[in-house]
Amino acid sequence: MSLFFLVVFSIPKSLYFNLKYFPVKTALLFPVLISYRTKLKALNGKIILPAQHCFGLIKIGFSGSYALGGEGYFENEGVIEFTGKATFSRGTQIIVGEKGLLKFGDDFRCNSNCIFNARTKIAFGDDCLLSWNVTLLDSDGHKIINLHEGSLLDGTKNISIGSHVWICSGVTILKGVCIGNHTIIAAGSIITKRIDGEHILIGGHNKVLKQEIDWEV
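Numbers given for residues are sequential positions, taken from 1 along each chain in its written order. Residues qualify for local features only when their pLDDT is at least 70, as the model is predicted, and side-chain atom pairs are given and counted only at 80 or more; totals for whole chains, interfaces and linings, by contrast, use all residues. To get the side-chain values, all heavy atoms of the structure are used, and hydrogens and water are removed first.

### Things to note about the nonpolar core
1) Next: Core analysis: the biggest nonpolar cluster contains 45 residues, and Phe88, Phe108, Phe116, Phe124, Leu130, Leu136 and Ile173 have the highest contact counts within it.
2) Next: Residues contacting phenylalanine 124, with those up to four places away along its chain left out, are Lys103, Phe104, Gly105, Phe108, Phe116, Leu130, Leu136, Ile161 and Ile167.
3) Next: Among buried residues, the Ala, Val, Leu, Ile, Met, Phe, Trp, Tyr and Cys ones that are joined through side-chain atoms within 4.5 Å form a nonpolar core. For every residue, the accessible area (1.4 Å probe, protein chains only) is compared with the maximum for its type, and the residue is labelled buried under 20%, exposed over 50%, or partly exposed between those bounds. Core analysis: the next-biggest nonpolar cluster, separate from the first, contains 5 residues, Cys168, Ile184, Ala186 and Trp215 among them. Contacts: residue pairs with any heavy atoms within 4.5 Å of one another.

### Side note on the pairing of strand S24 (residues 207–211)
1) Next: Strands here mean DSSP runs of E at least two residues long; helices mean DSSP runs of H or I at least four residues long; both are numbered from the N terminus. Burial analysis of S24 places just 0 of its 5 residues in the buried class, which makes it a mostly uncovered element.
2) Next: Strand direction decides the pairing type here: strand S23 (residues 200–203) and S24, joined by 4 bridges, are antiparallel. What sits directly across from isoleucine 200, in S24, is glutamine 211.
3) Next: A loop of 3 residues connects S23 with S24, the two strands running antiparallel in sequence, and glycine 204 in this loop sits at a positive phi of about 60°. Only when DSSP finds a minimum of two bridges between them are two strands counted as paired.

### Brief notes about the pattern of salt bridges
1) Next: Salt bridges are counted wherever a side-chain nitrogen of Lys or Arg sits within 4 Å of a carboxyl oxygen of Asp or Glu. Summed over the entire model, instances satisfying the criterion amount to 4 salt bridges.
2) Next: Two residues, aspartate 196 and arginine 194, come together in a salt bridge whose shortest N-O distance is 2.7 Å.
3) Next: Residue classification places aspartate 196 among the exposed positions, given a relative accessible area of 56%.
4) Next: If you follow the salt bridges from partner to partner, you end up with Asp107, Arg109 and Asp127 in one network.

Printed below as a string of structure tokens:
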């Protein structure tokens with residue numbers, strides 16, 4: 001299906017989505033276009049847009065590389081904040097808990113099948129690019145108990161991603177991670193902790209592979 005017809009078929013769901021979140025005057029501008037193939041699970045939270053917004057500023061569920069991506073998923077019980085334009089490809093899953101904040105800088109782009117699960121806070125700077133099958137989780141998902149003390153471990157920690165960061169395909173980023181500006185995270189990496197520095201290539205399990213590098217599309 002061409003992008004034109006995909007957008008046309010998605011107008012009813014997009015209208016419903018925009019009216020749910022914004023005043024009528026703003027909603028009729030369609031600042032958010034969401035694909036009819038995106039399942040809307042919960043719309044109880046809040047979406048914050050930049051002061052200047054226009055038709056299709058935020059696109060969810062359109063485009064993507066090759067034939068990747070299918071039905072998307074959207075569940076917002078918290079706050080999603082956009083500071084500029086953002087594009088999410090087919091199969092994107094966005095989940096924000098009741099106390100969660102998911103924040104995207106300007107010119108955010110992600111390829112197909114990415115998962116954003118924010119129970120506390122996940123924040124991106126400007127000009128971030130995600131390849132396909134990238135997952136970000138700021139919580140454990142289930143309770144983990146210290147058997148010696150009978151207490152619960154800290155199950156949530158913020159994730160912070162700087163500006164001009166390229167996260168390659170198949171990367172998993174877990175709670176407590178902080179990544180600096182002008183960074184590349186190599187394909188298939190699992191990142192579990194704060195990594196200081198800018199202009200670096202990170203790979204494997206929290207390893208700095210190269211320094212004094214940068215990237216461009």
